[in-house]
Every structure is written in structure tokens, then in C-alpha cells.
Amino acid sequence: MALDLALAAPKTYLPQPCSLVIFGGDGDLAWRKLLPAVYNLNVDGVLPSHFAVVCFGLPSTEAGRNTANPDEYIRERARDGIMRFSRQPLDEDHWQDFARMLFFVPGSFGDSRAYMQLKTKLDSVDQQFGIPSSRVFYLSIPPQLVQMSVANLGKNGMVNKADEPVAFTRVIVEKPIGTDLDSARAVIRNVAAAFDEHQTYRIDHYLGKETVQNLLVLRFANSIFEPLWNSKYIDHVQITVAEDEGVSQWDLETNQMIASRIGYYEGVGAMRDMLQNHMLQVLCIAAMEPPHSLLPNVVRDAKVNVLHCLRPMTARDVKENVVRGQYIEGSEYGVRVPGYRHEVREFYRMRNEPLPPHSVNSTTETFVAMRVFIDNWRWSGVPFYLRTGKRLPKRASEVAIQFKDVPQVLFNAKPEIPLEPTVLTLRVQPEEGLSMRIVSKLPGPKVRLYPVQMEFNYASGFGRTSPEAYERLILDVMAEDATNFMRADAVEAAWKFVMPMLDHWKQERVLNLPEYQCGTWGPIEANNLIEKDGRQWRTL
Ligand code: BG6
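For clarity, every value in this text was computed on a predicted model and none was experimentally measured.

Visitor: What's the story with the overall build of the chain in this structure? I'm lost.
Guide: Each helix and strand counted, the chain has 18 helices and 19 strands in total. Each principal axis of the C-alpha distribution contributes one length, and for the chain these read about 75 × 60 × 45 Å. Out of the 540 residues in the chain, the part that is buried amounts to 53%. By sequence separation, contacts in the chain at least 24 residues apart represent 76% of the contacts at least 6 residues apart. Approximately 24,900 Å² of the chain is accessible, and the part contributed by carbon and sulfur atoms is 53%. In the chain, 60 positive and 65 negative side-chain charges are present, and the distance between their average locations comes to 4 Å.

Visitor: Quick question: what am I supposed to make of the pairing of strand β9 (residues 256-260) here?
Guide: Both faces of the sheet carry side chains from a regular strand, because those side chains alternate between them. As paired elements, strand β8 (residues 248-251) and β9 share four bridges and run antiparallel to each other. Counted as the bridge partner of W250 is M257 from β9.

Visitor: What am I meant to see in helix α9 (residues 210-220) here?
Guide: Think of an α-helix as 3.6 residues a turn; residues three or four steps apart then line up on the same face. The buried count for α9 comes to eight of 11 residues, which makes it a mostly enclosed element. Listed as buried for α9 are T211, V212, Q213, N214, L215, L216, L218 and R219. Looking at the buried side of α9, the elements it contacts are α11 (269-287), β15 (396-403), β16 (423-429), β17 (433-441), α15 (458-462) and α16 (469-478).

Visitor: Just to check I follow, could you spell out the pattern of salt bridges for this structure?
Guide: Side chains that differ in sign of charge can pair as their charged atoms come close. One pass over the full model with this rule turns up 34 salt bridges. Notably, a salt bridge pairs E197 with R202, separated by 2.8 Å at the nearest N-O pair. Here E197 falls in the partly exposed class, since its relative accessible area comes to 35%. On the basis of relative accessible area, R202 is assigned to the buried category, the value being 4%. Salt bridges here are not isolated pairs; linked through shared partners, they connect R219, E226, E289 and R378.

Visitor: Is there a simple way to think about a nonpolar patch on the surface in this case?
Guide: Judged by side-chain polarity, V409, L410, F411, V439, V447 and L449 come together as a nonpolar surface patch covering roughly 580 Å² of accessible area. Among the structural elements, L410 can be located in the loop between β15 and β16. L410 sits in the exposed class, given a relative accessible area of 73%.

Visitor: Would you take a moment to explain the pairing of strand β4 (residues 135-139) for this structure?
Guide: Counted residue by residue, β4 has five buried out of five residues, so it is predominantly covered. Side-chain alternation along β4 places R135, F137 and L139 on one buried face and V136 and Y138 on a second face that is also buried.

Visitor: Help me out: how do you make sense of the packing of α9 against α11 in this one?
Guide: At a minimum axis distance of 9 Å, the contact between α9 and α11 shows a crossing angle of 10 degrees. As judged from the angle between their axes, α9 and α11 are roughly parallel. Contact residues: α9 offers V212, L215, L216 and R219, while α11 offers V282, I285, A286 and A287. Here the residues of the contact of α9 with α11 are counted per class, giving seven nonpolar, no polar and one charged.

Criteria and cut-off values
- Think of each chain on its own: its residues are numbered from 1, step by step along the sequence as written.
- Side-chain atom pairs in this predicted model are given and counted only at pLDDT of 80 or more, local residue features only at pLDDT of at least 70, and totals for whole chains, interfaces and linings cover all residues.
- Neither water nor hydrogens contribute to the side-chain values; these are computed over all heavy atoms in the structure.
- Comment: elements are numbered from the N terminus, with helices defined as DSSP H or I runs of at least four residues and strands as E runs of at least two.
- Buried means the residue's accessible area, taken with a 1.4 Å probe over protein chains only, is under 20% of the maximum for its type, while exposed means over 50%, and partly exposed covers the values in between.
- Two residues qualify as a contact provided that any one of their heavy atoms is within 4.5 Å of a heavy atom in the partner residue.
- Surface accessibility in these figures is a Shrake-Rupley result with a 1.4 Å probe; residues are shielded only by whichever protein chains are displayed.
- Charge counting follows a simple rule: Lys and Arg are positive, Asp and Glu are negative, and His as well as the terminal groups are ignored.
- The location of each charge is read from NZ of Lys, CZ of Arg, CG of Asp or CD of Glu.
- DSSP-based pairing: two strands are paired if at least 2 bridges between them are found.
- Here, a salt bridge means any Lys or Arg side-chain nitrogen found within 4 Å of an Asp or Glu carboxyl oxygen.
- Residues qualify for a patch when their relative accessible area is over 30% and they have no salt bridge, like charges being joined within 9 Å and the nonpolar side chains of Val, Leu, Ile, Met, Phe, Trp and Tyr within 5 Å.
- Between N-to-C directions, angles cover 0 to 180 degrees, with each direction set by a line fitted to C-alpha atoms, over the stretch in contact for helices.
- Angle categories are assigned with fixed cut-offs, so that under 35 degrees is roughly parallel, over 145 is roughly antiparallel, 65 to 115 is roughly perpendicular, and the rest are oblique.
- In the scheme used here, Gly and all other residues not listed as nonpolar or charged are polar, with Ala, Val, Leu, Ile, Met, Phe, Trp, Tyr, Cys and Pro taken as nonpolar and Asp, Glu, Lys and Arg as charged.

If you want it as C-alpha cells, here you go:
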């Protein structure tokens, strides 16, 4: 029998009637992820009975700017996003049902009149759909626009601070939350000027991934793992988030750049884009102490404690424990693809803009690997190796727990042919699931040993695909469940941990980063980082 995790929590999980107001509603994230996520929630019949989506922002496409009918414009854009990216294929009946609840208010985030138009639209949508003026504002906008947007929401009477169960106001803040500790604090402060902490949901979509959530269940709903989950039995942990895509997409036949995130990524890099948030959050769930309940703040306390226990790094530690790299031209799935610096130059050339001085020979890292320690009793002396990068040989993310070797007696008596260690791997994506590598006897009269994999695969195990992370998280906000969102203290603690690395790199002012060819597993320095400990990166 399936136990609903939410039922195990003291509070009932019930998405409440509301309108979802997406700032940046015709932007890239809304097109690829948010609107397809809400469509899927509608197909699955889990949205509140009274619900609508209102997108807000200056149209980012020519089509949007020219259209006389903004609602039709956003419906077409949503339909296109769903056709391309939806987990479940577009179905005409479901689409018609979804389209009627989708609206667009064009306007600039700094323009008070636009907020009044937004308010008028929300009031009429409330009436049409029987929504009790409850709103979830999703800020899918760059951090520099956050302050202005929340201030305008407040000024125009759209923030209800009272702890109202019916006509509530909540805000979802997308990453990046700042670009360093100070700017993150500023974003937190600016949002707090209009919204209380209990109304604020800082999203990290990795926390909505099925397999990341399953880590908690695996650890605390099975009696065999927790007793082994410590430095006595675990040799080390590897967390990998590998992406095959680069920062830009190319039409390789014409050699044309067709889409690029250079505008966001250049100067940001893998440390700020992936490590400070997604990877540290996954690390927290893998390493946290058992929470005493599933109440959001109890779980979040347990997670933030891991961040507090991370061993801080001095400049010297950074040199020894952290490696960065940048992709150069190489081959991805047998096809030649350009290097990062070429993408940067091409990006500015296509926009007819001069190359900013710091981008002439960009030192933005597209790969980062590090060895970290968690200084508490459970993890004393156990290295956690983290690595993430773009243009690696494949898209594959996992948490791998490698157990200690068996004593060098009996089956492991010959040091020159060591036994394969036991490894428990949680595959975050793709092929979500878990596997356990154990040593077994090969059938036959002789005692010959062979490593075998015990496999669990979500899709075949449960006969259906897992919901996308954004589906789960948007629903969580409507159900007022903040468990899988980052509290302000966690955001700050994560920044505090990575700041010495960013500061050190800034001071170092290297002219070139360690390079790796597209389609390889990062620079050679990353191998040295783990091999000097007598260990190896896993082959994925
Ligand atoms: C985003 C990063 O937060 O996560 C992207 O900005 C990255 O650079 C993406 O590609 C990865 O998410 P996923 O769900 O595709 O693994």
C-alpha cells in the first residue's frame, strides 16, 4: 500500500484555491518548465478546484510585442512549450481545459500602471473562477528586478500579510538568489520587506526531484541503511551532476548559434550556477541527521546543520581541494562542438555588442570539482567528492555511497587484486532509480567472485514517469508545504561556504583555466584531486 508522505506529516497536504501569477511568464523558464508543469498538474487532476494562471511581464518575443490579444499570445506560447517539453504529450481536451485558465498581462516590472492592470485582471479572474483572492506570485525574473517587483506588489495592495488561511499571498523566488553572500542577503532583505518568511518559498528545483526526495525515504524508512550511514562503514561519497549540453545551442550544419545562456552564465559559472545551490542541497539530504518529524522546519533545521558543519576552506585549502575547468572545442556524441570562449565571442557578435573586457579571454568555469569534509561525529574523516560540469560525455546525475573495503582476509586477501567495494547509487537522472553493487559468486564449481548490480528503476517499478520537479514544488506552495524550499539561513550558509573559493579565484586572476575537451569528464586536475587520495571518479 502506498503511504502518502504528506499524510505522514502532521498537516494535511491540500493545494488551496489560488491564482498563480508568473512574473516573467513568457520567459524561457516559464516556456520550458513552468507552464508545462502546470499543464501536467491539470492533466493529473491535482490542481485546486478554483485555479488560474496569470503571466506578467514585458513580452520577450516579437510575437508578444505585436499581438493585440495578450491572452491568445500566451496560450500559443504555452502550447508550443508543452508540445516541446511536457512530460505528458499534449492532449487536445486537456489543452482546451488548461488554455481557458491561462492569461497574460503585458507590462514592465517598474511601471505602477502595469501593476494596476495586473490587479484588475486578477480581480476579474478571481470572479470568473471563484478564487478567494489568494495568490502565489512566482518571481521568474533576474535578481536585480526582485526588489522593484515586490515593492510594487506591496504598493499596489497585492500583498496580504495576515496569516489568512483563505485569501493568502505567497511568493516563490527563483534562483539565483544573489551572486555572492552580500547580494544574496540583499535579495533576502528585499523580499522580506514585503513578505514574511512563512510566505516566502525559495525554490531549488533539485529538491523537487523524485530521487532526491527518495533519499530521505531510503535512509529513514528502511532499517538497514541508517546503521551503516556513517564514517565507520562508508569510505566516501561522490555526488555528480553531469550535463552534456553546453551553455549555448548550435545548429551544427550551418555552424550558427541558435540559443544561448551566455548572457546569464558568463561571469557566473558552475560554482554559482550549480554547486552553491543544487549540489549543496543534495549533499545536505544525503548527510543530514534524522529529523525528529517531517514538519518543514524540523527537516530544514537538520539540513542547514550539515552546511554549518562543512569544514571551511582557507585559500590554501581551496588550492588543494577545489578544481575548476572550462570546455574547449571537442566532440559530443561524435559531433564537433565549439569551446566556451568561442560561444562568448559569438554571443556578443550576434548581438552586435562589444565584448566586455572581462570576457575577452573568459575565465568563467564550466566545470568544478571539490573534496569537502563534514566535521561532525557521523562523517568525521569521510570525504565527499562533488563534481559538476557542462559538455561532459553524458547527462547523468547521481549520489554514490561507497562502503569500506572488507578486511584483507578470506576473499580479499590479495592486495594486488582488491575486491570491488560495495556501492549504493541513487540515480537522480536519467533512468531515475537506485542500484547496489555487491560482490557475488560466479556460478560453477570454483569460488570465483564477480560484482553484480541490484537495480530498481522508477519507471519500470511503478509503471509511470515521475512528475517533474517543478510540478511537485508548485503544488507544495499551494499546499503551504515549505519542506522542500530553502530557508534564508540555508541560502546564507551555502554562500558562506563557497565565498572563500570565489574570493580566492578572484584574487588569483589566472589568465586561463584548466581545459577539457567537450565530451570528456573534465580537466586532468579533477582526476588528480581524487586520485591523490587513492580513489577514482566513478564511470557513469
Ligand atoms: C539550472 C541551471 O538551475 O539547472 C542550469 O541554471 C542547469 O545551468 C539546470 O542546466 C540543470 O537542471 P536539470 O533539472 O536539467 O538537471
